Amino acid sequence: MPPQAPILRVEAGAHTAPVSRLATDAAGRILASVSDDKTLRLWSLPEGTPLGVLRPPIGPLDEGELYAVALSPDGTRVIVGGQTGAAWDGTFSAYLFDTASGRMLARLPGQPAPFQHFAISPDGARVAAALGGRSGIRIWDTTNGRLLAEDSQDWQGAARMVVFDGEGRLAASSADGKIRLYDSAGRRIAERKPILDARPYGIAFSPDGALIAVGYENRLRVDVLMASDLRTILTPDVTGLTGEGLPAVAWASDGRGGVQLHAAGYARAATAAPGTANFLIRRWADFGHGPFRDIPAARDAIAQLLPLPGGGLAFAAADPGWGRLAPDGSLAQPPRPPGGDFRNTAAGLAASADGQLLRLVLRSGGPTLLFNAQASQLARGPGEGLVTARTQAAGLTVTDWQNRDRPRLNGQPLRLNEGEYSRSLAITPNDEGFLLGTDTYLRLYDRSGRLLDQIATSGTVWGVVAVDGLAVAALGDGTIRWYETNGRLAERGALFVHADAQRWVLWTPEGLFDHAAQGGQDLVGVHLNNGRAQAPEWASFQQAYRALFAPTAVRARLLGNTALTMARMNDLGEVRSRIGRLPTLAPGEACAIIGEACQPVAWAGGELPGGATALRLGFSVTDRGMGLGPLDVMVNDRIAARGMATAGVNIVEVPLDPGPNRVSARLYAEDRSLFAEGTAMELRRAGEPPPPPGAGRLIIVAVGVDEYRIGDLNLRFAVADARTVVEVLRARAAGVFREVLATTLLNRDATRSNILAALSAAAQIARPEDTFVLYLAGHGVRSEPDRHFLFLPHETASITDAGAMRNSALDENTMVAALARIRARDGFLFIDTCHAGQVTIDSLAALGNETGRFLLAASTSVQEALDSYDERNGVFAYAVREGMGGRAATDGEGRVSALSLGEWVTRRVPQLAAEKQHRQDAVFRTAQRDLRSFPLGAVAR
């Protein structure tokens, strides 16, 4: 069986390792990409928006890396393979998936070598595979998987690519130097070595099938062959290119009736700066006879060029990512790596003596970042007193370690695996040994070169720094990882910083995590293999937020203290059984509401019909043992509808925003600790942009409770704080909002029914262009054992009777359902609570994750809350007042954004509390996939 233990994987919405291959359907609506990161991703064309991720079973090291993919002509099925299945079968398997549901339909087992490339015949009846080793090619019937033909005779190298022409002939390239041609029955009819001592790689039929273009992995050369007999008739001009080869070739339409020949690979511009888009695509006019043009396209090697049915082409790059050329040859979409690329920057990795403060650069030319693991902060700056890797010491002379496969200690070889290269070196403190990072391992040696321990890594170890008892390594998957080094290697934690240098996620090997205020909880998840022929389960940290968000435990774990982690994991129970029993949420019928009519729309997304105001969505729900909780529909990453799910078909209507709409769904298990994600739908409106930030009204609901039915609960400054926040938001609204509509509920008016009525009234008037603010000041408690947040309104009669308290409190679920009906695109939740039992920041942060709203919250004890900061306001409201008064960062027009206010308050609250000899922390969180802020007011300049 594939490994059954949970596997933590980065999920950044794009590939985190080199992209190997691309495929498209016959209409050019869907693009499939595969990568060494072990995912298959589907994208809509031409927009390039993500449609979904398909995951095969995976294992350690290279098991599960994907090198080959092909889509059926109608785009409904995709076949994928690579280094797949050998770890448990001893032979290799390809997997067939349904692109709409993600369900694995079939497995093609028993293959002798890794898959290098797939091609599907134009009629969809046959699929051909290029195999590694000397296993040649194979052709199967796509309807039943029957082997139709194979050819491994006389192959002296790996097959590289296979390609069909319009008549069903097949051509194959091979590392043994040959091009082989097959008829429609799979019989070899011709073969030839175009040039000696060269390794053909890329291969492409011209649109009319008369010509074959060949590119070489070890030559800066392209040959054009006659398809009939494989003789060379043209060698296009490669003047001015530098690099090792041109392994990618394609013929592509220019959209005006012309056909252009393209080639790429390792070719680059000699004068370009490192880290820039200096890898070129050369484009020759007139089938390769005409003049050429060089298009800077990628920062790293280009593995494949794929012509698109509508003209132009897509290309796979090691950046990582894929890009697209328009029919006229312009770069329509460059690769967009989602995380750090440490190949050229890892030498600058530095750490403090305890390994808790790091200095890193995500990519060449990028800013220097400082990450403080114990403060959960990412900032820009040089950092003082940090150490980098030491590579020299008395009596320890390590040579030939930099990008070499035969490193040596004091002249003696250090044994590596076949094909493994060393990439980084760090001598440990006190010179007692050293760490060697390679393509697949981090290895720990003593002074004599004796291997003490090794640990498999999730990517190439491009850099490593050794401090006392710890190693910090920068890996090829964009992560920074901490390893214990006291005689053995054991991972303590990992960090992934998004390419935007704002979102990040920090996690332990057990799966507990912390994340940036700006987001990041969706950047990593848990992969669970099922059987050999079953699609694995997947749940992002965002889906398991309530279960796994534990910043205090994460910080302790990085310091070597596992007590909090173990206690949390014991409370949580067996992770695999919980995620493996999540309810399923399958898409059903979907239509756009236009007046009284409802016009069908595709889950694959696209353009909305004119006049559409809402969607009616069908979902098929299945309970797999954890019970059913709320079914939420999110619009542009904020909650827009909530209802209780039932087994079977569920119908939900959800209003749409002006401009583009990203619609997704979440189905919670009954205990609400985890949710399943449904298919996301990307919809656009022709010619209609979204409204600009601040174009509407500011709608405020503020609640403050000083006086409770139980006198012992009374507070002093909750009412004043609610009034202050309304006043300061109203005062700063001029020039940003066209109107401010505020509802303030204080003391006896702050009942549960009145609060819900105020939220309902806000829902009646709110429009997508508006901004909504909810401010709650009073007592908050955490219910047990579900750890949910409860806000206590005025009429609270008991805090010892859990049932009575729940009946009178404003519970999380009711609050989220009420917020779901408020259509304002931008929203901010302020929660300023206190209680002797102290609500944990973890509980409050979950509210932001569920609603998709910005959340700024604080929690303190009753004793601390009784002492205001300035005899006017409590610490939290005082910090908000300062921030909106100009202390928070402003833009060029003096506007205070949601992000800048949140950052100010979280930094300021602990300082203000310390001045009063108290301890109080604040949490600021966003829950959007694409970080987007909005103004809350403006300061006069």
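Just above sits the structure.
Report on the accompanying structure.

The next subject is the overall build of the chain. Counting its secondary structure elements, the chain contains 13 helices and 68 strands. Relative to a compact globule of 941 residues, whose C-alpha radius of gyration would be 30 Å, the chain shows 30 Å and is just as compact. A principal-axis box enclosing the C-alpha atoms of the chain has dimensions of 95 × 80 × 55 Å. By the burial criterion, 60% of the 941 residues in the chain qualify as buried. If you sum the accessible surface of the chain, you get close to 34500 Å²; carbon and sulfur atoms cover 48% of it. The chain carries 96 positive and 100 negative side-chain charges, and their two centres are separated by 2 Å.

On the basis of which strands lie adjacent, the open sheet formed by three strands has the order S34-S35-S36 and antiparallel pairing. The sheet terminates laterally at strand S34 (398–399) and strand S36 (412–413), the two strands that pair on one side only. Alignment of strand S35 (residues 408–409) against S36, held across two bridges, turns out to be antiparallel. Across the sheet, residue Arg408 finds its bridge partner in S36, namely Pro413.

Sheet strands pair by backbone hydrogen bonding; their relative direction is either parallel or antiparallel. With antiparallel pairing, four strands are arranged side by side in an open sheet as S18-S19-S20-S21. In this open sheet, the two strands that pair with only one neighbour each are strand S18 (200–205) and strand S21 (232–234). Looking at each pair of strands side by side, their axes are set apart by 35° on average, direction ignored.

Moving on, we come to the pairing of strand S24 (residues 279–284). Looking along a regular strand, one sees the side chains alternate between the two faces of the sheet. In terms of burial, S24 is a largely internal element, six of the six residues being buried. Two strands pair when backbone bridges link them, and strand S23 (residues 259–268) and S24 are joined in this way by five bridges, in the antiparallel orientation. Each residue of the ladder has a partner; that of Ala264, found in S24, is Ile281. As paired strands, S24 and strand S25 (residues 292–298) are joined by six bridges and run antiparallel to one another. Bridge pairing links Arg282 to Asp294 in S25.

The α-helix advances 3.6 residues per turn, and as a result positions three or four apart in sequence lie on the same side. Most of helix H9 (residues 812–820) sits inside the fold, with seven of its nine residues counted as buried. Of the positions making up H9, those classed as buried are Glu812, Met815, Val816, Ala817, Ala818, Leu819 and Ala820. One side-chain oxygen at the N-terminal end of H9 lies 3.2 Å from the backbone nitrogen of Asn813; it belongs to Asp811.

Another point: the environment of Pro247. Relative to the assigned elements, Pro247 resides in the loop between S21 and strand S22 (248–253). Since its relative accessible area comes to 4%, Pro247 is described here as buried. The contact partners of Pro247, leaving out residues within four places of it in the chain, are Tyr201, Gly202, Gly215, Tyr216, Glu217, Ala264, Gly265, Tyr266, Ile302 and Ala303.

Under the defined criterion, the tally for this structure stands at 19 aromatic pairs. Ring centres of Trp507 and Phe541 lie 6.5 Å apart, and the angle between their planes is 70°; on these two criteria the pair is classed as edge-to-face. Of this pair, Trp507 sits in strand S45 (residues 504–507) while Phe541 is found in the loop between strand S48 (537–540) and helix H2 (545–548), placing the two residues 34 residues apart along the sequence. Neither residue differs from the other here; Trp507 and Phe541 are each classed as buried. An aromatic cluster is built from Tyr775, Phe828, Phe830, Phe854, Phe924 and Phe934, whose rings are joined through pairwise contacts. Sitting over the face of the ring of Trp155, Arg180 holds its NZ or CZ atom 3.8 Å from the ring centroid. We note Lys916 situated over the ring of Tyr869; from NZ or CZ to the ring centre the distance is 5.6 Å.

Let's shift gears to the pattern of salt bridges. Applying the stated criterion across every chain yields a total of 56 salt bridges. Arg557 serves as the salt-bridge partner of Glu510, at 3.0 Å between the closest nitrogen and oxygen. You can see Glu510 sitting in the loop between S45 and strand S46 (513–515) and its partner Arg557 sitting in helix H3 (residues 551–558), a full 47 residues away along the chain. Among the residues examined, Arg557 registers a relative accessible area of 9% and is labelled buried. A network of salt bridges, in which partner residues are shared, links Arg546, Asp632, Arg642, Arg672, Glu812 and Glu850.

For the structure shown, the criterion picks out one disulfide. One disulfide bridge connects Cys591 with Cys598, the sulfur atoms lying 1.8 Å from each other. Negative torsions about the S-S bond denote left-handed disulfides, and the value of about 85° found for Cys591 with Cys598 makes this one right-handed. According to the relative accessible area criterion, Cys591 is buried, its value standing at 13%. Overall, the relative accessible area of 25% leaves Cys598 in the partly exposed class.

Calculation notes
Residues numbered from 1 in each chain as written. Predicted model: local features only at pLDDT ≥ 70, side-chain atom pairs only at ≥ 80, totals over all residues. Heavy atoms only, no water. Helix = DSSP H or I, 4+ residues; strand = E, 2+ residues; numbered from the N terminus. Rg over C-alpha atoms; globule rule 2.2 N^0.38 Å. Buried < 20%, exposed > 50% of the residue type's maximum accessible area, 1.4 Å probe, protein only. Areas by Shrake-Rupley, 256 points an atom, 1.4 Å probe, with all protein chains shown as cover. Lys, Arg positive; Asp, Glu negative; His and termini not counted. Charge placed at Lys NZ, Arg CZ, Asp CG, Glu CD. Pairing = 2+ DSSP bridges. Axes fitted to C-alpha atoms, helices over the stretch in contact; angles between N-to-C directions. Polar contact = N/O pair within 3.5 Å; in protein donor to acceptor, adjacent residues only side chain to side chain. Contact = heavy atoms within 4.5 Å. Phe/Tyr/Trp six-rings, centres within 6.5 Å; stacked < 30°, edge-to-face > 60°. Lys NZ or Arg CZ within 6 Å of the ring centre and 35° of its normal. Salt bridge = Lys/Arg side-chain N within 4 Å of Asp/Glu carboxyl O. Disulfide = S-S within 2.5 Å.

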